[in-house]
Amino acid sequence: MSSYILIKGATVVTMNESNDIIQNGDILIENDTIKSVGTSIPDELPESLKVISGKNKVVIPGLINLHNHAAMTLFRSFADDLPLQEWLQTKIFPAEERLTAEDVYWGSSLAILEMLKGGTTTFVDMYFFMDEVAKACCNSGIR
C-alpha cells in the first residue's frame, strides 16, 4: 500500500532549467517519489494522505556535503582549542589509531542523523573502515 504526503502552500525552489521558484506551491509525494510539484494538485487524492503545511516555509532540494569525515563526530570538542597541526599530531592521530570498525559505524551513524536533520541527503566521505560507513548509509537511507 502506498503512502502519500502533501506539502501544501510552501515556497518551492525547483532547481529546474528555468530555476523557477513557486510561491504557494504544493508537492505531492508517493512513498519516496515526488509525483507532482506546482500550484495545483491532482483532484483525486488518496485517503491515506498526510498533509504538511508549508505556510511560511521554503522547500529546497536536498543538500550535498562534498567533503566529510563522518565518524569524526566522535572527536567533537576534543582538544579543539589547539592549533591545527598540534591538534592533529598530538590528539587526533593517536586517537584515530585506536578506532575500531564499530566506532566508525556509530560515529558515522551519528553524523548521518545530524546531516539528515539539517537537510543533507547526500555526502562524500573519506575516512577509515569505509565498509562501515557504507553500512551506516544503507541503514539510514542517506546517499
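The present account deals with the structure reproduced in this document. Since this is a predicted model, take the numbers as computed values, not measurements.

## What to know about the packing of aromatic side chains
Thinking step 1. Enumeration over the complete set of coordinates arrives at three aromatic pairs.
Thinking step 2. Ring centres of Phe75 and Phe78 lie 6.2 Å apart, and the angle between their planes is 35°; on these two criteria the pair is classed as tilted.
Thinking step 3. Ring geometry for Tyr127 versus Phe128: centroids 4.6 Å apart, planes at 50°, classification tilted.
Thinking step 4. On the basis of relative accessible area, Tyr127 is assigned to the buried category, the value being 14%.
Thinking step 5. With relative accessibility at 38%, the residue Phe128 sits in the partly exposed group.

## Considerations on the nonpolar core
Thinking step 1. With 20 residues, the main nonpolar core has Ile112 and Phe123 as its most contacted residues.
Thinking step 2. Broken down by secondary-structure element, the contributors of at least two residues to this core are helix 1 (84-96), helix 2 (101-117) and helix 3 (130-140).
Thinking step 3. At five residues, helix 2 tops the list of elements feeding residues into this core.
Thinking step 4. In this view, Phe123 contacts Asn65, Asn68, Ala70, Ile112, Met115, Val133, Cys137, Ile142 and Arg143; residues no more than four positions away in its chain are not counted.
Thinking step 5. Within the second largest apolar cluster, six residues are counted, among which are Ile7, Val12, Ile27 and Ile29.

## Notes on helix 3
In an α-helix, one full turn covers 3.6 residues, which means residues spaced three or four apart are oriented alike.
Thinking step 1. Here helix 3 has its buried residues at Glu132, Val133, Ala136 and Cys137. Projected down its long axis, helix 3 carries its buried residues within an arc of 145°, all on one side. Relative to its buried face, helix 3 has exposed residues pointing more than 90 degrees away, namely Asp131, Cys138 and Asn139.
Thinking step 2. Looking at the buried residues of helix 3, the elements they touch are helix 2 and strand 7 (120-125).

## Considering unusual backbone geometry
Thinking step 1. Located in the positive-phi region is Asn19, a residue other than glycine, with phi close to 55°.
Thinking step 2. Residue classification places Asn19 among the exposed positions, given a relative accessible area of 51%.
Thinking step 3. Positive phi, normally seen in glycine, also occurs at Ser77, with a value near 65°.
Thinking step 4. Following the sequence through the fold, Ser77 ends up in the loop between strand 6 (63-68) and helix 1.
Thinking step 5. Judged by relative accessible area, Ser77 falls into the exposed class, the value being 58%.

What counts and what doesn't
Residues numbered from 1 in each chain as written. Predicted model: local features only at pLDDT ≥ 70, side-chain atom pairs only at ≥ 80, totals over all residues. Heavy atoms only, no water. Phe/Tyr/Trp six-rings, centres within 6.5 Å; stacked < 30°, edge-to-face > 60°. Buried < 20%, exposed > 50% of the residue type's maximum accessible area, 1.4 Å probe, protein only. Core = buried A, V, L, I, M, F, W, Y, C linked by side-chain atoms within 4.5 Å. Helix = DSSP H or I, 4+ residues; strand = E, 2+ residues; numbered from the N terminus. Contact = heavy atoms within 4.5 Å. Arc of directions from axis to C-beta.

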